[in-house]
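These are the residues of each chain, in order.
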Amino acid sequence: MASVIADHPPRELAAELAGLLRVDWRSVWPGVPDDEAGRAEWCAGFGWRPLWSQSGLWVRTARGGRLHLASRAGLGRPVTRASYTVWKATADAASDGEAVLAVGLDRYAAHLAGVSAALGAPGWEGAWDSPDFPEPLAPGRWDDVQELRSPYRLAQWRYANPLTAPSGPVPAAGVARAPAALTPRSTATGMDGPA
């Protein structure tokens, strides 16, 4: 049986996105301070609360969401990706994969409608096997689409927002005049298909 273990209503997601779009991302990309006091002060400047460090830093946003600021080399190093957990579903047995997928597609549709209300219609939306499935925002971002069907569904918006990283991979939230993506899985950047 599929169970939803985390779920933020679509209306909350639209409000969260509005808050994240107001963040000065140019001050996020250089990196998270590696000392505890500096990290707490740095997070407070964005209205965030540090949670734990794991491949970067997990923070609680001002609206109560959970944001992961990933860094390949740990704290004190540049942030290479930001991802936000919208919803998460699980099951006790692998045989429940189709039920988890059904829950996922339902959540995806609801969140797509909520994000579209905030950002307008996506420039592209579709499934992993669509002939015009877009190239990833950054190299290696979803190299496993054909094999693992991940991301399973994707929606992209084009908008002008100063979210550019000073160097390295493009952040998941988008870049100036480049795609932003909604691909709910356990994070806001993809939805895995059945194994």
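Predicted, not measured: the structure shown is a model, and the values here were computed from it.

Asks: Just checking my understanding: could you explain the packing of aromatic side chains for this structure?
Replies: Centre distance and the angle of the planes are the two values used to describe a pair of aromatic rings. Inspection of every chain in the model, using the stated rule, returns 7 aromatic pairs. Counting every residue linked through ring pairs, the aromatic cluster contains Trp25, Trp29, Trp42, Phe46 and Trp48.

Asks: Explain the nonpolar core here, please?
Replies: In this structure, Trp25, Val28, Trp42, Trp48, Val59, Leu67 and Leu69 are the most contacted members of the largest nonpolar core, which totals 25 residues. Elements with a minimum of two residues in this core: helix H1 (10-21), helix H2 (36-44), strand S3 (56-60), strand S4 (66-70), strand S5 (81-84), helix H3 (97-119) and strand S8 (153-159). The element contributing the most residues to this core is H3, with 3 residues. Not counting the four nearest positions on each side in its chain, leucine 67 is found in contact with Leu20, Trp25, Trp48, Leu57, Trp58, Val59, Thr61, Ala82, Ser83 and Tyr84. Trp124, Phe133, Val145 and Tyr152 belong to the second-largest nonpolar core, a separate cluster that totals 7 residues.

Asks: Sorry, what's going on with the pairing of S3 here?
Replies: The two faces of the sheet receive side chains in turn, since in a regular strand these alternate between them. Most of S3 sits out of view: 4 of its 5 residues are buried. Of the pairings in the sheet, the one linking strand S2 (residues 49-53) to S3 comprises 4 bridges and is antiparallel in character. Bridging across to S3, proline 50 finds its partner in valine 59. Adjacent in sequence and paired antiparallel, S2 and S3 are bridged by 2 residues, among which serine 55 carries a positive phi angle near 55 degrees. Remark: 5 residues form the turn of the hairpin made by S3 and S4, two consecutive strands paired antiparallel; glycine 64 in that turn has positive phi of roughly 95 degrees.

Cut-off values and rules
- Residues numbered from 1 in each chain as written.
- Predicted model: local features only at pLDDT ≥ 70, side-chain atom pairs only at ≥ 80, totals over all residues.
- Heavy atoms only, no water.
- Phe/Tyr/Trp six-rings, centres within 6.5 Å; stacked < 30°, edge-to-face > 60°.
- Core = buried A, V, L, I, M, F, W, Y, C linked by side-chain atoms within 4.5 Å.
- Buried < 20%, exposed > 50% of the residue type's maximum accessible area, 1.4 Å probe, protein only.
- Helix = DSSP H or I, 4+ residues; strand = E, 2+ residues; numbered from the N terminus.
- Contact = heavy atoms within 4.5 Å.
- Pairing = 2+ DSSP bridges.

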